[in-house]
Structures are given as structure tokens and as C-alpha cells.
Amino acid sequence: MSLPALSRRTLLQAGTAGALALAVTGTTPAAAATADPYETLRLRWRALLTGTGFDPAAEPFGSALRALGDRARAQQQAMAPTAGSLWPDLPLGAVSANITGSFVRLRTMALAWAQPGTGLTGDAALAAAVAAGLDQLCASAYTATATAYDNWWDWQIGSPQALLDTCVLLSPQLTSAQLTAYCAAVDRAVPDSKVAAYTGTSTGANRVDLCRVLALRGIVGRSAAKLATASAALSPVFPYVLTGDGLYPDGSFVQHTWVPYTGSYGEVLLSGLSRLFALLAGSSWEVTDPQRQNVFDAVDSAYAPFLFNGLVMDSVVGRASSRGLQASDLLHLQQDDHGRGHTIIGHILRLADSGAAPAAQSARWRAAVKGWIGRDYYRPYLSDAAVDVPELARAQALLADGAVSASTEPVGARVFAMDRAVVRRPAWAVSLSMCSARTTFYETGNGENVRGWHTNSGLLAWWNATTGNGQYADAFWPTVDPYRLPGTTVSTKKLADAAGGAWGAARPDAVWAGGASDGTYAAVGQAVRGLSSTLSGWKSWFLLDDSVVCLGAGLTCTDGVPVETVVENRNLGPSGTHALTVDGTAQPVTLGWSQQFTDAKSMAIAGFGGYVFPGGATVRAKREARTGSWHDINSGGTTEALTRRYLTLWFDHGTDPSNAGYAYLLLPGADAAATAARAASPTVNVLSNSPSVQAVSDSASGITAANFFAAGSAGPITVSAPCSVLVRESGGTLSISVADPSRTVATVQVTVTRPGYVSADPTTGVTVLATGSSVQLLAELGGTQGASRTVTLRTSGTAAGANAALLAPAQDTYVRDGSYADTNYGTANILTVKNTNTSGSGFSRRALLAFDTSQLTGTVQRAVLWVRGAVADSGGTETDLQAFATAPGAWQETAATWNRCPAPGAALGTGRISTAADWVALDVTSAVTADPALTLTVGQPAGRVGLAVNLNSRENAAYPPVLQVVTTG
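Asker: Even after reading the chapter, I still don't get unusual backbone geometry, so can you show me in this structure?
Answerer: The general pattern is negative phi for most residues beyond glycine and trans for most peptide bonds. Here Glu59 and Pro60 are connected by a cis peptide whose omega angle stands at 10°. Tracing the backbone shows Pro60 in the loop between α4 (37–50) and α5 (61–78). The phi torsion at Asn449 lies on the positive side, around 55°, for a residue other than glycine. With respect to the element layout, Asn449 can be found in the loop between β8 (428–433) and β9 (459–464). A relative accessible area of 8% places Asn449 in the buried class.

Asker: What is the right way to read the sheet that holds strand β2 (residues 253–255) from this model?
Answerer: Adjacent strands of a sheet pair through backbone hydrogen bonds, lying either parallel or antiparallel. Ordered by their spatial adjacency, three strands build an open sheet running β1-β2-β3, and the pairing between neighbours is antiparallel. In this open sheet, the two strands that pair with only one neighbour each are β1 (246–247) and β3 (259–260). Bridging between β2 and β3 involves two bridges; their strand directions are antiparallel. Residue pairing across strands places Gln255 opposite Val259, the latter belonging to β3.

Asker: Would you mind going over the environment of Ala600 with me for this structure?
Answerer: Within the element layout of this structure, Ala600 appears in strand β18 (residues 594–605). Sequence separation between Ala600 and Asn449 is 151 residues, and the spatial gap between their C-alpha atoms is 36 Å. The contact partners of Ala600, leaving out residues within four places of it in the chain, are Val582, Asp583, Phe613, Gly616 and Ala617.

Asker: Can you walk me through the packing of helix α6 (residues 96–114) against helix α7 (residues 124–140) in this structure?
Answerer: Relative orientation and spacing of two packed helices are given, respectively, by the angle between their axes and the distance between those axes. Following both chains from N to C, one finds α6 and α7 inclined at 155°, their axes separated by 9 Å at the closest point. By the angle class used here, α6 and α7 are roughly antiparallel. Considering only the axes of α6 and α7, their crossing is left-handed. In this structure, α6 contributes Ser102, Phe103, Leu106, Met109, Ala110, Ala112 and Trp113 to the contact, and α7 contributes Leu126, Ala127, Ala129, Val130, Gly133, Leu134, Leu137 and Cys138. By residue class, the composition of the contact of α6 with α7 is 13 nonpolar, two polar and no charged.

Conventions used here
Residues numbered from 1 in each chain as written. Predicted model: local features only at pLDDT ≥ 70, side-chain atom pairs only at ≥ 80, totals over all residues. Heavy atoms only, no water. Helix = DSSP H or I, 4+ residues; strand = E, 2+ residues; numbered from the N terminus. Buried < 20%, exposed > 50% of the residue type's maximum accessible area, 1.4 Å probe, protein only. Pairing = 2+ DSSP bridges. Contact = heavy atoms within 4.5 Å. Axes fitted to C-alpha atoms, helices over the stretch in contact; angles between N-to-C directions. Parallel < 35°, antiparallel > 145°, perpendicular 65-115°, else oblique. Left-handed = near helix turned anticlockwise from the far one by under 90°. Nonpolar A, V, L, I, M, F, W, Y, C, P; charged D, E, K, R; others polar.

This is the structure in C-alpha cells:
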């Protein structure tokens, strides 16, 4: 059957999908909605695939639709069904990606059949070819009895998504028997059991993709149960996580356990959720879980910080940065930061238009999207061939909406738990990539990103508002020297492709990565470790108003090769001759030029920015043309040779350096004159640059900041334990931000020698102990995942002051029920707790801790029991802990058992704990009374089944429990 001719007016009045539904089914979408909920959802998904409300003859739609038709025609002509393939270049039977590739080509053909203006709209022969292709694949390759091979993703996500999209598009041309056969094939690969547990490959973005498959399977197969399963199975995606895959409270997004992935897997998650929210809205299967608000909030906290002028920063795309031009891509469209950014922008706008989110958030997103689109001069959104028609239509409507004003770039600094930091200023943006025991050196896998070894070793990427936005999109990754990524300190030891192992296996043994931020400025640090190397040391970055101060110290290595810190490695494009000015003198622009400068004070690259070297430094520089291909770094990439020119600046620390260091300032956008002026009249003073502390002060912003790798002092700041501190003095206020990038301390005491400040604004997690000649405070940092605690002090008001005591347990133990009810565990170095919500199971455990509070004076204002440990249970990754007031009856840690111990009393504070070892703060204020013998029980909330947790006991040399008590008077 072929479609009747449709007028442009009909298409525009009814919307593309609605008009096609009218032509094919003879009913309007509204009528279909009343009569058949499955058809309503099918038409809604079809609209999401094809777009609505656009003129197919107008640009940019006309060109996009004709190009779609050309691709579909070429694929139809190349189709040559045999027993072993639909296309000769996609043989079936060994490579699962060839099944997915075949389904994707059929989807393209079906889209050309369904879309207007393709030249193949409603073409009967095309529809027949697609149907025949589906029949063959589901009878011989992707079948109801097939055993999966090669890559699980193709079987559970790639192939079924393309298959079901094609069924939605081509449904009027398919018989019920055909649809039944296709659904049976999907059921084989993606049974409901794939979403029964939130674990393995069924988490984060992958879980959303699986739910999309189940939802579309429910629509095509008219199954309410499948739709209900899909809707309900999204719920585990919404809660914040403390470890592993998913969204974190601070806006981090991780996939593959160790990889910051906001811009790649995070994009997939946002794609699926924005579509599913829109698809199921108003239906019996609408996603109503209140925690979906976390996803809406993530648009602002997780995605927007990494979007700049239409691009998404490569620091959060994992191995995707290596994809570039894929040999299998018939469109020959490059995947890069702008293309990925455009995709995310499209998802945000789709979510804004879905009606799922609160109106105020949706309005804010539309304004942001309008700004991102308007500022992307490097690759304009509406002319990006990779942007699909529905997204083009939505964007064009937004740009034409005079009621929406474009947002400007936000100003601020953010430090993320996933070892990433960003700083935004009106004229530039910077992204910083680090790694630690929590995050990988780099991710490789499936032959991708095989030379990304040093991408998280302090890579400092930056863009100006109007220049350099193609820095990383213009063949940077296949042509840059992978040992000389800007900002990194590396051993030049030669590494094999994919060194360290696949899927993020290579992680440093260091835990310090992160820093303190007040939202505008930040102090960020990283413990340096080399991939397959002996390199170690410390790096810091201080994010200020118009500069980034970069320090390195304690750099030591015994690899037998030089160690380098790369100040810059600018991609000048195929023919760039941007001038390098050193201390006022322009250097040669000829390729092959190189020189070592001694006592250099300032350098500037025309059109990009400047660099200041406090006190002078020895810096090397060179110009070179580098040639590479996408295939060099990604096995699926094209082999076409690409050549780009680079201007590289670096410190050569020599072979096997011991305690080497460096210091420089990056000034994005500064020209040679401005850079020289800053070198001559510096505002930044380096207070310390050593393996124990790196610190700076900046007179222009009133900032003093330090990364303490051990307890100590720098300038006016003294700390009792390792931490990061940012002090800002401005307009009669003093703000102090403190963070623990190592995540090893529960509390830290900070003293800042700044007289005259009296009162403190109320804040969470910070107690001001004293003011006067200096400010003394106690910051509660345990369990914050490296987040900052900030307090603001003022020169007027009521003087702040308190006393803080940190008490060790006098005794502790845990007890166990069932057959262990008379067993004592008083000498164990762990305290195990678990609530099974049953009686006598033998698996319920709780801990008791006794404290002597007789030395406390004054009125108790706050008391926190700090315990450190991790989930140790195969049943899950996160659970709650709870403290309970307990009668101080006589008990001894070497004698207490389940049958002979005081029972827990009133429930007190709770805290969340995961499989990643960390501190948990339990508020026990109400339990600290005049009785000096204090007993507390630690367990899990009553009435809920928990997970086993191992906590360090007082017998443990590392991180024993501690009771923090704050008193006044």
C-alpha cells in the first residue's frame, strides 16, 4: 500500500506524524487516543521520530529530508539478501554489531518512507523491502530462539531499539503475525528479568535504554504488562548514588563504575528519559515517581556546567572522544564535542517541551538552550547535519519565540565528586580532568581510545567565547601528541595501545583529587601518579577571576626517561601561524622551529591567551605539524591522514627528577600586552609550593587558597588535617570554604588569621569556635564526597564561639542474634550491623559504643557520632545506618552478647553508606545528657531490611569511631 499525496498545509496543520496517522489509519490522533491507548502511544513515538510542525520544503528541513531519502535509496539499492546477510558488508553470524547495523539501515529506510519530502514518502517498494528485511533478520539472526554472541549491547539495546522504531514507523504495512514474530525476538533478548535487579549492565543509561526497549515492545505488542514494567523499572535510575553508576548529589554522573560520563552515557540517559517522559505522559503508564525530580535538577547541576557555546566538554565523554569519523558511517559525519553538545541540547529542549518538569525549570532550560544555540559560531546548530529533523523543528520554533530571551553564560566554579572541575567566566571556560582511586586514568574498550593514557592526569582544556571553540573538534584527538596534553604532568615512558587494561581498569592508588569552592572560585588539587610509571607528586589549580594558577611540586620519577609538564599544546588548525610572543618578542612562525627560553616571564599565543611565569622559568617551545588518523586511536575510525599544526609549551623536568616543581598562570583570552603587564605587576603571590602544601593569594579577588596534603600552615591558614581551603575577603565579609578531596577525615579544625570578624551566618556542617585575632572553626567533612562546607563571617553582630571535643570510645562491640546470640565480638577490629527485620535469623547485628563525657562543660549544642566503613553485602551497594539512644546499663565489650546487652532506645540520626568506604555522621545530640556514661547503639532503621555494613572499631588502627560534641557556655 502506498500513501496518498499529502499537501504541505495538511502536514503543517496536523503535524507530520498526525497527518501521516490520518492518511494511514483514517483516524485523527485524538480519535485514536480515545479508541486505542496503544495506537495513541505509537503515534506519539512516531511523532518523536519524525517531528511535527515544520515545513518539509523549507530549510533546513528540505535538505535534511532529501539527504535522508538519498541515504535510504542507496541502502535499498545496495540491499542484496542472501542466506547470510541483507547487505554484503554486514555478514551475519559472528559480529553482533552487524545485526544492529542491519536493523539501523532498515530503520533509516522506514524513516524515509514515513517522513515527508524525502522523495520516498509512502513508497510501496521501499516499505516492502523494509518488511522483508525485518522478516529475514527475525527469522535467521535476531530470532525468538537465538543465543546471544559477541556484544550484549547489540542484543539488548542496539538491535531491539532499531527494530521497534521501524515497527512503529512501518506499522500499517506489517501484519499482526509479523509483529508477533518481531516481539518474540525482542522477548528472547530482553525479557523482563533484565530489569529485575539494578546491577551489572542494567544500571544508569543502560537501564533507561532497556526500559525504552520494553516500553516500545509493549506498544508494538499491545502489552500493558510490558509498559508497566518499563515505567516501574525506571525508578532505580532516579535516586542519587554514592558509588558506581548514576547521578550523584553534586551533579556528577558516572558509568562503568569509574568513568565520568555526563556527555556520553549521560547523554543516552537524558535521551531515553526525555523521550519516555514525553511518550508516557498522561497515559496509564506515566512515570510518576517523585524522585524523577532529581533528573530535572540534573539538567542544571550535571549537564549545564559542561555545556559551553553549544559544545559539551570532552572531560566527561570517556572513550567517545576518540570516535571522530567512523569508517562505517555512510554520512561521514564527525562525532565531536559540538555534535555531542548539540545532541544533549536537543534532549534538554525535548524535556522542556514535554511538560513533565516544573514550568519554571522548563522555562529556564529554554532560555539556556536558546543561548547555547545562538553562541555556537563554530558549528551552527541549525546547519549541523547530525541534528535530526524533530530537533531542528523544535529548535527553530524556540529561536522564533520572542517570548524567550537567551540566557548568557553563567559565571562560577564547580568541583565535582567525579574528579572534575569547571570554571566559567563571561569570556571563557575551563575544564579540568583528574583521576584517583575513584576514577580511571582513562577508559579504553572495544578498540576505542587506545591512546587516551594521560587524559585524566590534569588535562586543562579551555575555550574563549569567540575564539578556539574548534580547538578539540578540529581533529585534535587523532593528531595531538598523546604525551603532551595541555596541563598534564607525565613520564614520557612509551606506552602500548590500551596500556593498563580495558573499561577503566587502570586507576591510581592515590585518593587526593578535588578541592574547595565557594561557587565562584575554587582551589583544586591532585596527587600525581603515572600510568604504568613510578611518577608521583602534587598538582594544584587555583581558579580565579581572569586566570588559573597552576602549581606542581614533589615531582619524582625513576622511569629512566624525561618527565614533562605541558603548559600548552594549541591546535592551530591545518595552516595556522598564530604568533608566539615571549617577553615582548615575537618568535618565528616557521614549522619545525623550537627553542628553550630561560628566565621567561610571559608568553602569549595570538588569538588564544597568555601565560605568566612568576619569578621567571625555563620553558621550551616548538611548532610542528602532526599527522594521524582516527583509526590510530579507534579501531572503527577512518584511515584518512589528517594533519594539524601545534604550538607546544612545556617544562622539561629532566630524566628521573626528584622533587621537581613548576608554577605558571593561564590567562585565557589575554593578548601579549595584557600578559606582559600581568607579569610586570602580579596580583598573585605563591605562598607555598611544596609536597605538603600548595597555596596562593590574589590581591585582585581577595582570595587566599591552599591545598594541604598534610596538617600545617600556609600564609594565614592553619589546618589540623589534610584538606583544601578557600578564603575570600570582600566588602566586610570573610567566607571560608573547606573540603576534603581525600575523603579520609571526619572533621578538620581551620584557623584563619584575619582579625575583626565577629559573627557568622548560620550554615550546615561548620561550627565557629572563636573569633577575634583569628577565626577558628570546625568543619564536618566526612561523608560529603569531597563537597565544600562554607561559612561567612561579618564584622558586626553577636560574637560567635563554641567548644568542640572529639571523644574516642571507651569500649565498643557488636552483637549478633540467632545461634550467635551468646557469642562475643568485643575484640574485633570491625563492628558489623545489619537489620534483617526478622527474629532469630542469625544475620541481624548491631553495634554498641560507650563514651565517657564527664569532661564536657557547658550546654551541648551538637553531637555527632562518626563511624567509618562500607557495605559488605552481595545484596546491594547502599543502605542506611541509624543511631539509637541506649540506657547506660552495665556492659563490657569483652562480655556483651545479643542476649546480654542493653536494648536500643529512641531512634536518633541516620546516614547513608555505600560499598565505597567513607565516614557517616549520625546526629546523637539528644542522647548526650548530664549522665557521663553514654552508650549508643548503631544499627539500621527498624522495620526495614538492610544490608550488612562493616564499620571500623576502636581496635582498628585506621579511622576508629569518634564522638564530636560542640558545647557553649
